[in-house]
Amino acid sequence: MKIEDAQNLLAKYVTSNTLQRHCKTVSVVLKYWAKYIKDPNPEFWECAGLLHDIDYEKYPDEHCVKAAEIFAEEKANFEGITDELVHAVQSHGWNICCDVSPANTMEKILYTIDELTGLIFACAMARPSRSVMDMEAKSVVKKFKTPAFAAGCNRDVISAGMEMMKAEIPELTDADIIQHCILAMRGNAAELGVGMIMPGFNL
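Residues numbered from 1 in each chain as written. Predicted model: local features only at pLDDT ≥ 70, side-chain atom pairs only at ≥ 80, totals over all residues. Heavy atoms only, no water.

Caption draft 1: Here's a closer look at helix α2 (residues 17–36). A rise of 1.5 Å per residue sets the reference length of α2, with its 20 residues, at 28 Å; its end C-alpha atoms lie 28 Å apart and thus fit the reference within 8%. Leu-19, His-22, Cys-23, Lys-24, Thr-25, Val-26, Ser-27, Val-28, Val-29, Leu-30, Trp-33 and Ala-34 are the residues of α2 that are buried. The secondary structure elements touched by the buried residues of α2 are α1 (3–13), α3 (42–51), α6 (105–125), α8 (155–168), α9 (174–186) and α10 (189–192). A distance of 3.3 Å separates the backbone nitrogen of Thr-18 from a side-chain oxygen at the start of α2, and that oxygen is part of Ser-16. (Helix = DSSP H or I, 4+ residues; strand = E, 2+ residues; numbered from the N terminus. Expected span 1.5 Å × (residues − 1). Buried < 20%, exposed > 50% of the residue type's maximum accessible area, 1.4 Å probe, protein only. Contact = heavy atoms within 4.5 Å. Polar contact = N/O pair within 3.5 Å; in protein donor to acceptor, adjacent residues only side chain to side chain.)

Written as structure tokens, this is what we have:
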């Protein structure tokens, strides 16, 4: 699938600015990881990230289940809707809202960063700069250990996902995973709403 098609498909089903931003964030970070592991098709990763919540706005109680139906309905209208894409999108809801488990490196990373990027965004919003540009992994680790902060971000999912990622990419630590996600978000900070530095703030 081409990213332009994924953008158009997302626009048909997601109108919330907040959810659009989240989908864009996951897309950007997933593309970063594709390049990190030198996957030959980073655009597929980017598209999967963008579309991972395609059913959430309209069908929050059937999240990841309705996604398969949407893709089936839209297959004639959008090239690149493959079984691989459908499985990737559904797998991020494993043990949360569906029983499709992450089966490859991309799906395991998507499973992790869906929740992790939400936590990073919340950490950025809590900073005076409201930015990831001056944030490091240690700040996120500290907030991770405070369950009341961004309580909607599922720490169990993040932890389980990071364990899966480390099994796939053994050189990584938890802090490395967080830092790489921060770096990915920095690369598109203004677009993702995490690039605003307050006047007079010095990096």
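So, next bit.
Caption draft 2: Broad picture of the nonpolar core. Counting residues in each nonpolar core, the largest one holds 61 residues, and the members touching the most others are Trp-33 and Phe-71. Excluding residues that lie within four positions of it along the chain, Trp-33 makes contacts with Trp-45, Ile-109, Ile-113, Met-165, Ile-169, Leu-172, Ile-177, His-180 and Cys-181. (Core = buried A, V, L, I, M, F, W, Y, C linked by side-chain atoms within 4.5 Å.)

Caption draft 3: Main features of the side chain of Lys-108. Within the secondary structure layout, Lys-108 lies in helix α6. A relative accessible area of 16% places Lys-108 in the buried class. Side-chain polar atoms of Lys-108 contact the side chain of Glu-168, separated by 2.8 Å. In this structure Lys-108 touches Pro-102, Ala-103, Gly-161, Met-164, Met-165 and Glu-168, once residues within four positions along its chain are discounted.

Caption draft 4: Region of interest: the pattern of salt bridges. All chains considered together, the criterion is met by 10 salt bridges. Ionic pairing is found between Lys-31 and Glu-46, a salt bridge with its closest N-O pair at 3.8 Å. Here Lys-31, found in helix α2, pairs with Glu-46, found in helix α3; they are 15 residues apart in sequence, far enough to count as distant. Residue classification places Lys-31 among the partly exposed residues on the basis of a relative accessible area of 27%. One salt bridge connects Lys-108 with Glu-168, and the closest N-O pair in it is separated by 2.8 Å. Placement of Lys-108 in helix α6 and of Glu-168 in helix α8 is noted, with a sequence separation of 60 residues between them. Among the charged side chains, a network of salt bridges with common partners joins Glu-163, Lys-166 and Asp-174. (Salt bridge = Lys/Arg side-chain N within 4 Å of Asp/Glu carboxyl O.)

Caption draft 5: Expanded view of α1. All of the buried residues along α1 are Ile-3, Ala-6, Leu-9, Leu-10 and Tyr-13. Buried residues of α1, seen end-on, are gathered within an arc of 120° and therefore sit on one face of the element. (Arc of directions from axis to C-beta.)

Caption draft 6: Geometry of the packing of α6 against helix α7 (residues 137–144). Between α6 and α7, whose axes approach to 10 Å, the crossing angle comes to 100°. Judged by the angle between their axes, α6 and α7 are roughly perpendicular. Mapping the contact onto sequence places Leu-119, Ile-120 and Cys-123 in α6 and Val-140, Lys-143 and Phe-144 in α7. Looking at the contact of α6 with α7 residue by residue, the classes come out as five nonpolar, no polar and one charged. (Axes fitted to C-alpha atoms, helices over the stretch in contact; angles between N-to-C directions. Parallel < 35°, antiparallel > 145°, perpendicular 65-115°, else oblique. Nonpolar A, V, L, I, M, F, W, Y, C, P; charged D, E, K, R; others polar.)

Caption draft 7: View of the packing of aromatic side chains. For the structure on display, the rule yields three aromatic pairs. In textbook terms, an aromatic cluster arises when at least three aromatic residues are bridged by ring pairs, as seen for Tyr-32, Trp-33 and Tyr-36. The lysine or arginine in question, Lys-66, covers the ring of Tyr-59, its NZ or CZ lying 4.9 Å from the ring centre. Stacked on the ring of Phe-144, the Lys or Arg Arg-155 has its end atom at 5.9 Å from the ring centre. (Phe/Tyr/Trp six-rings, centres within 6.5 Å; stacked < 30°, edge-to-face > 60°. Lys NZ or Arg CZ within 6 Å of the ring centre and 35° of its normal.)

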